[in-house]
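The primary structure of each chain is shown beneath.
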Amino acid sequence: MASTVAQGRGADKRRALGARTAFLGPGLLYVTAFMTIPILLVVSYAFLTRGRFGGVEFPVTLENFVRALDPIYLRVLWNSIFIASATTLLALLIGYPTAYAITRLPVRWRTVALVLVVLPFWTNFLIRTYAWIVLLNSQGPVNKTLESLGLIDAPLELLYTRGAVIAGLLYAYLPLMILPVYASIERLDRSLLEAATNLGASKFWSFITVTLPLTLPGTMIGAIFVFVPSLGNFIVPELLGGGKTVMVGNLIRDQFLKARDWPFGAVLALVMVLFLAGLFAVQAIVARRINGRGARA
Amino acid sequence: MTQKHLVEISGLSKSYGDVVALDDVSISIKENEFFALLGPSGCGKTTLLRVIAGFEEPDSGAVLLGGENLLSLPPHKRPINLMFQSYALFPHMSVERNVAYGLEREKLPKDEIRSRVKEVLATVGLMDKARTRPAQLSGGQRQRVALARAIVKRPQLLLLDEPLSALDRKVRAEMQLELKRLQHEVGITFVVVTHDQEEAMSMADRIAVMSLGRVQQVDTPVGMYQRPANVFVADFIGTSNMFEGVAVAGGVDVTSFGFLPAQDPTPAVTGAAYLMVRPEDVRIVDDGGLLTGTVLETQFFGGASTIAVQVAGHLAPVVLTCQGTANVQRGASVQLSWLADKAVMLAR
Ligand SMILES: Nc1ncnc2c1ncn2[C@@H]1O[C@H](COP(=O)(O)OP(=O)(O)O)[C@@H](O)[C@H]1O
Ligand SMILES: [Mg+2]
């Protein structure tokens, strides 16, 4: 009797698992295929020798990895990390308060605000970036406004600077910070804040001790969402950096499309992938610790 | 009035749009009292606690704590602690950090915080869980943490919103006793919200019964049981037999079987009225009974039995309880009676 029940339950579990797999199937297959295959290709290319007209040839070598340690490339990597970090930090400083303010709006206005946040995504990324050239050039509205206000005498060199690249990336990816942060603040159990208040915490303290730590995992997701595409971006540095500001993205693209050094491009790409995987791992660990699952505090 | 009143709630009203959550609520709570707010779900119990704690602003009315106007204090400065229905433990903090949280806000010396946390964890029996996160505790343990976190602040008043409703039956019975013991031990005035009348009856010194945002009656459990103020309370507290009729001197004139005796209430009830008599006050008599009916069924509960008697002209069966086994058979014809002073007359 007991065993039939157990068996029945086992069968139920299998069926549930089957159903879940059926739904997961197509998406998972798609993602795995078009994620795994390129990564495997990249990994194998990284250990091969450059072909004369692009492509790869034998023998197997570690030469490409050694080359990546050349100071020229390290400087590009460092520059990219600096730009992506600055973008992420600014996105955090602007995005967190914005997301917080949206959660405090009446429900109807929350939806409006969120639509406004994602509105830029409705136009093409290139067009939006070109718009910044118009904005920032020496005769553009930003300079004109500053001049007419008498704040500057001569037009500022705004375009083709690191600042312009950061501004462009920030503009492009700020919504990717706001949305996950919004979701995590929205999900926060408000009775926790009331409990903090009831125990004597001021608004500021309950924010610092409750809201901030509990929204940290979502905030880290937002930071990764901004950091990852900023680090790999090559359109913005090209258009707004004027080719002066080279980032890893440009370097990788150039290795494949211009220099035709696929193995070296693969090494650079691999370094990026590992770096980002590390970031996601850190986020996952922090999220687990915050929620108190598994590890003891 | 031997004890002084710690809390004076007067004329408190609060509406959410068309929903009246609190309607002219006035209650006085004595110092060191174990006070229960009892009522069906949605009657405004949580709203009342939230107004006292400062999370809701009342539309009108006043709350005094020790004679001081409580409503003018910001919520985080009120000397009151609330134990949330959902416990609201901080998931990112260990048990001891949850408990220490309120003391840290008081900027007490570290040593004192540590010793008070230890002491209160010992009181609720959670010494060995000090470093555990709430997610790894059972429902009963979480409830104790929530309680510890509230009492460690030594508030003047502790509000508990359905503290036991998330626990299963057995643990709940244990925790009822434990709450009562704790209240004695820490000497804090408790206001416990519950929708379970047995829980309120067994724990509280006094009970306020609420319905639709209004206070129906405030009394001791025994007083409320024996002298319910109205039909709602009579029905909500315990089991009752109700007879509908017209009030006359010394009883109620019931349409289908004439005069039934009851105690004359003060103030007097006139016009349409109910007669209410508790099951344990109804007796089976050999002759000269007030009502005659046939036994519908009997139920034996170990120490006592319940007998349901169908009386012609009365819709619901009349229920009575007696000690030991019921000495009547199903289908037997019986006469029922009660003493006039055991029956209560209620306005309709
Ligand atoms: N924030 C709110 N907005 C609208 N209606 C509410 C709100 N809080 C409570 N109510 C309503 O007020 C009434 C009383 O609620 P509550 O105090 O939670 O009852 P109880 O705790 O006795 O179950 C209910 O009808 C409830 O729907
Ligand atoms: Mg409630």
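Residues numbered from 1 in each chain as written. Chains lettered and ligands numbered in written order. Predicted model: local features only at pLDDT ≥ 70, side-chain atom pairs only at ≥ 80, totals over all residues. Heavy atoms only, no water.

> Mind laying out the overall build of chain A, listing which residues take part and the relevant values?
When its secondary structure is counted, chain A shows 12 helices and 2 strands. When the helices and strands of chain A are listed from N to C terminus, the series reads α-β-β-α-α-α-α-α-α-α-α-α-α-α. For a compact globule of 297 residues, the expected C-alpha radius of gyration is about 19 Å, and chain A comes in at 24 Å, more than 25% above that figure. Across the 297 residues that make up chain A, the buried fraction comes to 38%. The contacts in chain A between residues at least 6 apart in sequence include a share of 68% that link residues at least 24 apart. (Helix = DSSP H or I, 4+ residues; strand = E, 2+ residues; numbered from the N terminus. Rg over C-alpha atoms; globule rule 2.2 N^0.38 Å. Buried < 20%, exposed > 50% of the residue type's maximum accessible area, 1.4 Å probe, protein only. Contact = heavy atoms within 4.5 Å.)

> Quick one: what's the story with the site of ligand 1, residue by residue and with numbers?
All names here are of chain B. In the vicinity of ligand 1, the contacting residues are Tyr16, Val19, Ala21, Ser41, Gly42, Cys43, Gly44, Lys45, Thr46 and Thr47. Measuring from an oxygen atom of ligand 1, one finds a backbone N or O atom of Cys43 at 3.2 Å. The contact in question runs from an oxygen atom of ligand 1 to an N or O atom on the backbone of Gly44, over 3.1 Å. Starting from 560 Å² of accessible surface for ligand 1 in isolation, the protein chains cover 60%. If you list the elements that add at least two residues to the shell around ligand 1, you get strand S2 (19–30) and helix H1 (45–53). For the shell around ligand 1, the element with the most residues is H1, which contributes 3 residues. (Near = heavy atom within 4 Å. Polar contact = N/O pair within 3.5 Å; in protein donor to acceptor, adjacent residues only side chain to side chain. Areas by Shrake-Rupley, 256 points an atom, 1.4 Å probe, with all protein chains shown as cover.)

> An account of the packing of aromatic side chains is requested, with residue identities and associated values reported.
Going through the model one piece at a time under the given rule, you end up with 15 aromatic pairs over all chains. Through pairs of rings, three or more aromatic residues link up here, namely Tyr45, Phe256 and Trp262 of chain A. The ring of Phe264 of chain A carries Arg67 of chain A above its face, with NZ or CZ at 4.0 Å from the centroid. The residue whose ring lies beneath Arg348 of chain B is Tyr274 of chain B, and the NZ or CZ to ring-centre distance is 5.9 Å. (Phe/Tyr/Trp six-rings, centres within 6.5 Å; stacked < 30°, edge-to-face > 60°. Lys NZ or Arg CZ within 6 Å of the ring centre and 35° of its normal.)

> Tell me about the pairing of strand S12 (residues 251–254) of chain B, and name the residues and values.
Every other side chain in a regular strand lies on the same face of the sheet, so the side chains alternate between the two faces. Residue and element names in this part refer to chain B. Examined bridge by bridge, strand S11 (residues 241–248) and S12 share 4 bridges and lie antiparallel to one another. Residue pairing for S12: Val246 is matched across the bridge by Asp253. Taking the residues that link successive antiparallel strands as the turn, the S11-S12 hairpin has 2 residues, and the phi of Gly250 there is positive, at about 75°. Across 4 bridges, the pairing between S12 and strand S13 (residues 258–261) is antiparallel. By the bridge assignment for S13, Val254 is matched with Gly258. (Pairing = 2+ DSSP bridges.)

> Could you give an account of the layout of surface pockets, naming the residues involved and the relevant values?
Residues and elements named next belong to chain A. Of the voids in this model, the largest pocket is the one considered here, and its volume is about 520 Å³. Lining the largest pocket are 17 residues, and of these Arg104, Leu193, Glu194, Thr197 and Lys203 lie nearest its centre. Within the residue set of the lining of the largest pocket, elements represented by two or more residues are helix H8 (190–198) and helix H9 (203–232). In the lining of the largest pocket, the residues fall into 6 nonpolar, 6 polar and 5 charged. (1 Å grid on protein atoms, 1.4 Å probe; cavity = no way out; pocket = protein on both sides within 12 Å on 5 of 7 lines; lining within 4 Å. Points joined across faces, edges and corners; volume = space filled by probe spheres on them. Nonpolar A, V, L, I, M, F, W, Y, C, P; charged D, E, K, R; others polar.)

> Mind laying out the sheet that holds strand S18 (residues 318–323) of chain B, listing which residues take part and the relevant values?
Residue and element names in this part refer to chain B. On the basis of which strands lie adjacent, the open sheet formed by 5 strands has the order S15-S19-S16-S17-S18 and antiparallel pairing. What marks the edges here is a single partner per strand, and that holds for strand S15 (283–285) and S18. Neighbour to neighbour, the strand axes of the sheet diverge by 50° on average, direction disregarded. Sheet topology places strand S16 (residues 291–300) next to strand S19 (residues 333–337); 4 bridges connect them, and they run antiparallel. Paired with Thr294 across the bridge in S19 is Ser333. (Axes fitted to C-alpha atoms, helices over the stretch in contact; angles between N-to-C directions.)

> Any details on the pairing of S11 of chain B? Residues and values, ideally.
As paired elements, S11 of chain B and strand S14 (residues 272–277) of chain B share 6 bridges and run antiparallel to each other. The partner of Gly245 of chain B across the bridge, within S14 of chain B, is Ala273 of chain B.

> Requested: an account of the sheet that holds S12 of chain B, with residues and values cited.
All names here are of chain B. Strands sit in the order S13-S12-S11-S14-S20 across an open sheet of 5 strands; the sheet is antiparallel. At either end of the open sheet lies a strand with only one pairing partner, and these are S13 and strand S20 (344–347). With strand direction ignored, the average angle separating the axes of adjacent strands in the sheet is 45°.

> Provide a residue-level description of the domain arrangement of chain B, including the pertinent values.
Structurally, chain B comprises domain 1 (5–226) and domain 2 (239–347). On a C-alpha basis, the centroid separation for the pair domain 1 of chain B and domain 2 of chain B is 39 Å. (Domains from an automatic or database assignment.)

> Which residues make up the side chain of Thr87 of chain A, and what are the values?
Residues and elements named next belong to chain A. Among the secondary structure elements, Thr87 is positioned in helix H3 (residues 71–103). Residue Thr87 is classed as buried on the basis of its relative accessible area, which comes to 0%. Apart from residues no more than four positions distant in its own chain, Thr87 is found in contact with Ile166, Leu169, Leu170, Val226 and Ser230.

> Describe helix H2 (residues 95–105) of chain B, and please don't skip the residues or the numbers.
By the criterion of burial, H2 of chain B is predominantly enclosed, with 8 of the 11 residues buried. Listed in full, the buried residues belonging to H2 of chain B are Val95, Asn98, Val99, Ala100, Tyr101, Gly102, Leu103 and Arg105 of chain B. Buried residues along H2 of chain B sit against H8 and H9 of chain A together with helix H3 (110–123) and helix H4 (139–151) of chain B. Lys107 of chain B, located one to two residues past H2 of chain B, shows a positive phi value of around 55°.

> Can you lay out the pattern of salt bridges for me, pointing to particular residues and giving the numbers?
Residues and elements named next belong to chain B. Under the criterion given, the structure shown has 20 salt bridges over all chains. Where Asp23 meets Arg214, a salt bridge forms, and the shortest distance between an N and an O atom there is 3.0 Å. One end of the pair, Asp23, is in strand S2; the other, Arg214, is in strand S10 (residues 214–219), and 191 residues separate them in sequence. Residue class for Asp23 comes out partly exposed when judged on its relative accessible area of 25%. (Salt bridge = Lys/Arg side-chain N within 4 Å of Asp/Glu carboxyl O.)

> Describe the interface of chain B and chain A, listing the residues and the values that go with them.
Tallying the contact residues gives 27 residues for chain B and 25 residues for chain A. When chain B packs against chain A, close to 2,300 Å² is buried across both sides, 56% of that on carbon and sulfur atoms. Three residues stand out in chain B for area buried against chain A, namely His76, His92 and Arg133 of chain B, and they jointly supply 25% of the buried area on that side. Applying the counting criterion to the chain B and chain A interface returns 1 salt bridge. A salt bridge links Arg50 of chain B to Glu194 of chain A; its shortest N-O distance comes to 2.8 Å. At the surface where chain B touches chain A, the tally comes to 9 residue pairs in polar contact (both at pLDDT 80 or more). Of all the secondary structure elements, the ones that give two or more residues to the side of chain B that touches chain A are H1, strand S6 (80–83) and H2 of chain B. A breakdown of the residues in the side of chain B that touches chain A according to their chemical character gives 13 nonpolar, 8 polar and 6 charged. (Buried area = accessible area lost by both parts, 1.4 Å probe.)

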